[in-house]
Amino acid sequence: MWPFFSKLFKRQPTLPEKWKLVRIKDTPLLSIDLELTSLDTTIAKITSIGWVRGENQSIDLSSAFYTVIRASGDLKQSPVIHGLTARDLLKGEHVKNVIGQLQAFASSHVWVLHNASLDMQVLDKVANNLQIPEFKITTIDTMLLELYFLNKTQDMLKQDAVTLQSCRHRHGLPEAPNHNALDDALATLGLGFAQWYQFDKQSSAPLSDLLHTKSVKVYSIGKT
């Protein structure tokens with residue numbers, strides 16, 4: 001089992017009342033991805049953020065957003081993996097401004113991420129460092145939902161079984177560009193739509209029906 005599967009994080013066990021009876025297909029979604037300098041959340045820095053909205057099995061491309069985040073110091077392998085140089089990052093947006101934009105989606109949308117715990121831990125660390133007051137985010141984790149499907153059919157999982165690309169391939173989705181925050185947000189939302197169709201082909205299940213899959217969680221972000 002990989003380390004990030006077992007990490008515990010601040011979260012509530014149930015959905016906020018406003019989402020409990022909303023059908024999955026009718027849920028306003030914000031698919032988001034953070035590119036990081038490390039998988040170690042204690043030292044990871046955000047280098048870029050991308051997001052896009054979706055609903056009713058449709059992606060709203062006009063809502064697509066991407067920005068580079070200002071960062072300095074040890075960037076690890078980020079320039080090689082993400083193609084962002086130290087000069088690019090020095091010209092980036094201040095992360096506090098971007099978190100301010102994201103807060104507008106905290107209660108109005110359910111966020112979709114692939115490995116939500118990783119990004120949410122880093123976002124929480126940054127928000128705490130900036131003394132941003134606490135806000136809560138309801139998330140659907142496409143990685144954990146895929147694990148739910150796989151654990152029903154397979155005893156042993158390969159190390160790369162639930163990477164974003166592996167999951168998309170399993171659902172018959174085309175190859176997608178990776179290591180770019182917006183590309184990954186788009187790829188994650190497409191995967192989510194395919195997974196929800198597999199989960200409920202009638203598209204009538206409420207969001208609360210996903211709770212038993214362990215893919216839906218509520219995270220507390222920022223200073224309490």
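Cut-offs used in this document
- Per-chain numbering applies: the sequence of each chain, read as written, is numbered from 1 onward.
- Per-residue local features of the predicted model are confined to residues with pLDDT of at least 70, and side-chain atom pairs are confined, for both listing and counting, to 80 or more; whole-chain, interface and lining totals are unaffected and use all residues.
- Side-chain descriptors were evaluated using all non-hydrogen atoms of the structure, hydrogens and water having been removed beforehand.
- Every helix listed is a DSSP run of H or I at least four residues long, and every strand listed is a run of E at least two residues long, numbered separately from the N terminus.
- Per-residue accessibility, obtained with a 1.4 Å probe over protein chains only, is compared with the maximum for each type, and a residue is labelled buried under 20%, exposed over 50%, and partly exposed between these values.
- Any pair of residues with heavy atoms lying within 4.5 Å of one another is described as a contacting pair.
- Here the Shrake-Rupley method, with its probe set to 1.4 Å, supplies the accessible areas, and only the displayed protein chains count as covering residues.
- When the centres of two rings from Phe, Tyr and Trp lie within 6.5 Å, Trp using its six-membered ring, the rings pair. Their planes under 30 degrees apart give stacked, over 60 give edge-to-face, and anything left gives tilted.
- Placement of a positive charge over a ring is assigned whenever Lys NZ or Arg CZ falls within 6 Å of the ring centre and within 35 degrees of the normal to the ring plane.
- The rule for a salt bridge is simple: a side-chain nitrogen of Lys or Arg has to be within 4 Å of a carboxyl oxygen of Asp or Glu.

## What about the overall build of the protein chain?
Point 1. Tallying secondary structure elements over the protein chain gives nine helices and seven strands in all.
Point 2. Every one of the 224 residues in the protein chain was classed for burial, and the buried ones make up 51%.
Point 3. For the protein chain, the share of sequence-separated contacts (at least 6 apart) that also reach a separation of at least 24 residues comes to 72%.
Point 4. As displayed, the protein chain has an accessible area near 10,900 Å², and 54% of this comes from carbon and sulfur atoms.

## A short note on the packing of aromatic side chains
Point 1. Applying the stated criterion across every chain yields a total of four aromatic pairs.
Point 2. Ring geometry for Tyr148 and Phe149: centres 5.7 Å apart, planes at 55°, overall tilted.
Point 3. Looking at Phe149, the relative accessible area reads 10%, which means it is buried.
Point 4. Centre to centre, the rings of Phe193 and Trp196 are 5.8 Å apart; their planes meet at 70°, and the pair counts as edge-to-face. Here the residue Phe193 and the residue Trp196 both occupy positions in helix α9 (residues 181-199), the gap between them amounting to three residues, near one helical turn. A single burial state applies to Phe193 and to Trp196, both of which are buried.
Point 5. Its guanidinium or amino end placed over the ring of Trp19, Lys18 lies 4.7 Å from that ring's centre, counting from NZ or CZ.

## Looking at the environment of Thr188
Point 1. Inspection of the secondary structure assignment puts Thr188 in helix α9.
Point 2. Contact partners of Thr188, with chain neighbours within four places excluded, come to Ser31, Val112, Leu113, His114, Thr142 and Leu164.

## Things to note about the pattern of salt bridges
Point 1. Taken as a whole, this structure holds six salt bridges when the rule is applied.
Point 2. Its salt-bridge partner being Asp26, residue Arg23 comes within 2.8 Å of it at the nearest N-O pair.
Point 3. Under the relative-accessibility criterion, Asp26 is labelled partly exposed at 24%.
Point 4. Through salt bridges with shared partners, one network takes in Arg23, Lys25 and Asp26.

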